[in-house]
Amino acid sequence: MMDLLGYGAFFLTTALIFSLVTLGLNLQWGLTGLFNVGLAGFVAIGAYTSALLTTPDDAARLGGFGLPILIGWLGAMVVGGIAAALTGMATLRLRSDYLAITTFGVAVVVQLVALNAQRLTGGPFGIGFIPRPFGSLAETPLLFNLSNLAVVSVVTLVAYLALEHLSRSPWGRVLKALREDERAAISLGKSARFYRVQAFAVGGAIMALAGALQAHFTGFIAPDNYLPILTFQVWVMLIVGGSGSNLGAVIGSILVWAIWAGSGTLTSVLFPPEQQARAAALQIAAIGVMLCVILLIRPNGLFGDRPRRPWFGKRAKIAAAKSNSQS
């Protein structure tokens, strides 16, 4: 029973870290309409920044300043936001598929730098000995996982409430206007590029924070953690939850990660060890099937915006009166 509770805490912590990345993507795509498929790069930037700031000194590479974990998280957000802003200023003149190709290239560049800049990132060996919150409880897995779950839950809740406030603020309404009708928003004196760069930077900072949380939760990072499959997972989480909904971003992340982890456990049980590498592709198949089913049933996702049809009661009478007056 204790092991089950510990695993449940570990699972929820991982899912909530994914939900932070999805919240950042929802700000960029769901609220502003920016097609970013390079989010793995910003997650990696946050992870490596926080690791370099907080790890002990290491003669084999630069960094290792031994700063507190909270400073590492703040530094990750600053560096991630700056990197996203610079990327946005260089690429947001592009549209849809061209923007997607460019942001994907940025993610590939970041991953290759992490792989080859051994003096800075440790190269393919990664960075270890990253300080973990409540590391003194590591010998008690249940308490350790519950403590980390509490920290990640608080960070996710703060990010969620902040994004909900921003989406309802005048700033958020401008972003929605730019997404729906850019020319109309520009005619009202709003700078499309200025607001889009802001949204891209804030979303990138949230993704970088998620990367920093993941780095300190696991205690080790390597370039293989930030492959394009991460981008695929987060996009599926947003689509399933519902683009434009912060609640959908969180629920979709938990649901998709549950299916991903569950299918991985199932393949390890059903297939012998020599076939598990091939059987791992069933995880992607399971996510694809789930995505198709959800889009067939709810094309806008579980919590996406849907026009409400007034079938019953007072709403039906109002709708009928409007249709009669128009006819």
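In this text the structure is predicted, and so the values were computed from the model without any measurement.

1. Describing the overall build of the protein
Then step 1. Scanning the protein from terminus to terminus reveals 14 helices and 0 strands.
Then step 2. Helices and strands in the protein line up, N terminus first, as α-α-α-α-α-α-α-α-α-α-α-α-α-α.
Then step 3. Taken over the C-alpha atoms alone, the protein extends approximately 80 × 50 × 35 Å along its principal axes.
Then step 4. Per-residue burial for the protein yields a buried fraction of 46% across its 327 residues.
Then step 5. Of the contacts formed within the protein by residues at least 6 apart in sequence, a portion of 76% connects residues at least 24 apart.

2. Topic: the nonpolar core
Then step 1. Membership of the largest hydrophobic core comes to 79 residues, with the highest contact counts inside it found for Leu-20, Leu-39, Ile-221, Tyr-226 and Leu-230.
Then step 2. Per element, the largest residue contribution to this core is 14 residues, and it comes from helix 9 (residues 192-218).
Then step 3. Each residue touching Tyr-226, except ones within four places of it in the same chain, is listed here: Ala-40, Val-43, Ala-44, Ala-47, Tyr-48, Gln-111, Gln-214 and Ile-221.

3. Quick word on unusual backbone geometry
Then step 1. Even without a glycine there, the phi angle at Phe-129 is positive, about 55°.
Then step 2. Its location among the elements puts Phe-129 in the loop between helix 5 (118-121) and helix 6 (141-168).
Then step 3. In this structure, Phe-134 is a non-glycine residue whose phi angle is positive, near 60°.
Then step 4. In this structure, Phe-134 sits in the loop between helix 5 and helix 6.

4. Re the pattern of salt bridges
Then step 1. Within this structure, the stated rule accounts for 4 salt bridges.
Then step 2. Measuring nitrogen to oxygen at the nearest pair gives 3.9 Å for the salt bridge that ties Asp-58 to Arg-61.
Then step 3. The class for Arg-61 is buried, based on a relative accessible area of 8%.
Then step 4. With a shortest N-O distance of 2.8 Å, Glu-164 and Arg-168 are connected by a salt bridge.

5. Structural notes on helix 11 (residues 246-270)
Then step 1. Between the first and last C-alpha of helix 11 there are 36 Å, a value that for 25 residues agrees with the 36 Å anticipated at 1.5 Å per step.
Then step 2. Along helix 11, the positions that sit buried rather than exposed are Asn-246, Gly-248, Ala-249, Val-250, Gly-252, Ser-253, Val-256, Trp-257, Trp-260, Ala-261, Ser-263 and Thr-267.
Then step 3. One side-chain oxygen of the residue at the start of helix 11 lies 3.5 Å from the amide nitrogen of Leu-247, identifying that residue as Ser-245.

6. Considerations on empty space enclosed by the protein
Then step 1. On inspection of all chains with the given rule, the structure shows 1 cavity of 30 Å³ or more.
Then step 2. Considered as a void within the structure, the largest cavity measures approximately 50 Å³ in volume.
Then step 3. Of all elements in the fold, only helix 6 and helix 9 reach the threshold of two or more residues within the lining of the largest cavity.
Then step 4. Taken together, the residues of the lining of the largest cavity sort by class into 6 nonpolar, 2 polar and no charged.

7. Comments concerning the layout of surface pockets
Then step 1. In this model, the largest pocket occupies a volume close to 500 Å³.
Then step 2. If you list the elements that add at least two residues to the lining of the largest pocket, you get helix 1 (2-31), helix 9, helix 10 (228-241) and helix 11.
Then step 3. When its volume is computed, the second largest pocket comes out at roughly 290 Å³.
Then step 4. Lining the second largest pocket are 16 residues, and of these Glu-164, Ser-167, Lys-176, Gly-244 and Ser-245 sit closest to its centre.
Then step 5. Those elements that provide at least two residues to the lining of the second largest pocket are helix 1, helix 6, helix 7 (170-180) and helix 11.

8. Focus on a nonpolar patch on the surface
Then step 1. A surface patch of nonpolar side chains, about 480 Å² in accessible area, is lined by Phe-65, Leu-67, Leu-70, Ile-71 and Leu-74.
Then step 2. Considering the arrangement of structural elements, one finds Leu-70 in helix 3 (residues 69-91).

9. Side note on the UniProt feature "transmembrane region" (unreviewed entry) in the protein
Then step 1. Under the present numbering, the feature "transmembrane region" (unreviewed entry) in UniProt falls on residues 6-27, 34-53, 65-86, 98-117, 142-163, 199-222, 234-260 and 280-297.
Then step 2. With 82% helix and 0% strand, residues 65-86 has its two end C-alpha atoms placed 26 Å apart.
Then step 3. Along residues 199-222, the helical share is 83% and the strand share 0%, with 28 Å between the first and last C-alpha atoms.

10. Observations regarding the packing of helix 6 against helix 7
Then step 1. With their axes 4 Å apart at the nearest point, helix 6 and helix 7 run at an angle of 70° to one another. Of the possible angle classes, the one that applies to helix 6 and helix 7 is roughly perpendicular. Counting all contacts with helix 6, which are made through Leu-166, Ser-167 and Arg-168, the residues of helix 7 involved are Pro-170, Trp-171, Gly-172, Arg-173 and Lys-176.
Then step 2. Looking at the contact of helix 6 with helix 7 residue by residue, the class counts come to 3 nonpolar, 2 polar and 3 charged.

11. Describing the packing of aromatic side chains
Then step 1. Evaluated as defined, the whole model comprises 9 aromatic pairs.
Then step 2. Look at Trp-29 and Trp-235: their rings are 5.7 Å apart centre to centre, the planes differ by 65°, and that puts the pair in the edge-to-face class. Note that Trp-29 is positioned in helix 1 and Trp-235 in helix 10, a separation of 206 residues in sequence.
Then step 3. By relative accessible area, Trp-29 is classed as partly exposed at 31%.
Then step 4. Note on Trp-235: relative accessible area 11%, which makes it buried.
Then step 5. One aromatic cluster in this structure is built from Tyr-7, Phe-10 and Phe-217.

Conventions we followed
Residues numbered from 1 in each chain as written. Predicted model: local features only at pLDDT ≥ 70, side-chain atom pairs only at ≥ 80, totals over all residues. Heavy atoms only, no water. Helix = DSSP H or I, 4+ residues; strand = E, 2+ residues; numbered from the N terminus. Buried < 20%, exposed > 50% of the residue type's maximum accessible area, 1.4 Å probe, protein only. Contact = heavy atoms within 4.5 Å. Core = buried A, V, L, I, M, F, W, Y, C linked by side-chain atoms within 4.5 Å. Salt bridge = Lys/Arg side-chain N within 4 Å of Asp/Glu carboxyl O. Expected span 1.5 Å × (residues − 1). Polar contact = N/O pair within 3.5 Å; in protein donor to acceptor, adjacent residues only side chain to side chain. 1 Å grid on protein atoms, 1.4 Å probe; cavity = no way out; pocket = protein on both sides within 12 Å on 5 of 7 lines; lining within 4 Å. Points joined across faces, edges and corners; volume = space filled by probe spheres on them. Nonpolar A, V, L, I, M, F, W, Y, C, P; charged D, E, K, R; others polar. Patch = residues over 30% accessible without salt bridge, like charges linked within 9 Å, V, L, I, M, F, W, Y side chains within 5 Å. Areas by Shrake-Rupley, 256 points an atom, 1.4 Å probe, with all protein chains shown as cover. UniProt positions renumbered as here; feature names shortened; annotations may be inferred. Axes fitted to C-alpha atoms, helices over the stretch in contact; angles between N-to-C directions. Parallel < 35°, antiparallel > 145°, perpendicular 65-115°, else oblique. Phe/Tyr/Trp six-rings, centres within 6.5 Å; stacked < 30°, edge-to-face > 60°.

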